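Understanding the architecture of this molecule
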Amino acid sequence: MDDRTVRAALERHWDASDASDFKVEHEIYREDAVLDYPQSGERIRGRHNIQESRFVQPNKKRFTVRRIIGSGDLWVTEFVLTYDGIPSYAVSIMEFREGLVANETQYFADRFDPAPSRAHLVERVGEITSF
């Protein structure tokens, strides 16, 4: 799979995620894919289980992709995941094998104000969609 094809598959995946199209969202995964959430200590094995875990999640979700970078079998997506109107900044690291995601690790972080010690040095970027 060339890089343009992978990028198109990732864009389709994130668009489907934003639209809550669970079928299309999970076409990118191998049957034996593994998804890790290090912050909560969770590991989910298998495309079916990954899909079900997202389907049963009760919150209204929105995905705003900020950038996708990568090549070959390693791709990173930086995005804002909004749960019920509350943004969380996220990074997804996907490892591909035979054209499908074999492993994904997602990291999440909430927005915070700059520390007073450096507040005079920073430029505030404002809205979640700016970069």
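Definitions and limits used
Residues numbered from 1 in each chain as written. Predicted model: local features only at pLDDT ≥ 70, side-chain atom pairs only at ≥ 80, totals over all residues. Heavy atoms only, no water. Core = buried A, V, L, I, M, F, W, Y, C linked by side-chain atoms within 4.5 Å. Buried < 20%, exposed > 50% of the residue type's maximum accessible area, 1.4 Å probe, protein only. Helix = DSSP H or I, 4+ residues; strand = E, 2+ residues; numbered from the N terminus. Contact = heavy atoms within 4.5 Å. 1 Å grid on protein atoms, 1.4 Å probe; cavity = no way out; pocket = protein on both sides within 12 Å on 5 of 7 lines; lining within 4 Å. Points joined across faces, edges and corners; volume = space filled by probe spheres on them. Nonpolar A, V, L, I, M, F, W, Y, C, P; charged D, E, K, R; others polar.

Identification of the protein chain as SnoaL-like domain-containing protein from Bradyrhizobium lablabi is taken from an unreviewed UniProt entry.

A few points about the nonpolar core
Residues L10, W14, Y29, M94 and F96 are the most contacted members of the largest nonpolar core, which totals 19 residues. Broken down by secondary-structure element, the contributors of at least two residues to this core are α1 (3-18), β1 (29-37), β3 (61-71), β4 (74-83) and β5 (86-97). Among the elements that make up this core, the one with the highest residue count is β1 (four residues). Discounting residues that sit within four places of it in the chain, M94 has contacts with L10, H13, W14, Y29, D73, L74, W75, V101, N103 and E104.

Some details on the layout of surface pockets
The volume enclosed by the largest pocket comes to roughly 280 Å³. Lining the largest pocket are 20 residues, with Y37, R54, Y83, Q106 and F108 positioned closest to its centre. The set of elements that each furnish at least two residues to the lining of the largest pocket consists of α1, β1, β2 (42-45), α3 (47-55), β3, β4 and β6 (100-109). Split into classes, the residues belonging to the lining of the largest pocket amount to eight nonpolar, seven polar and five charged.

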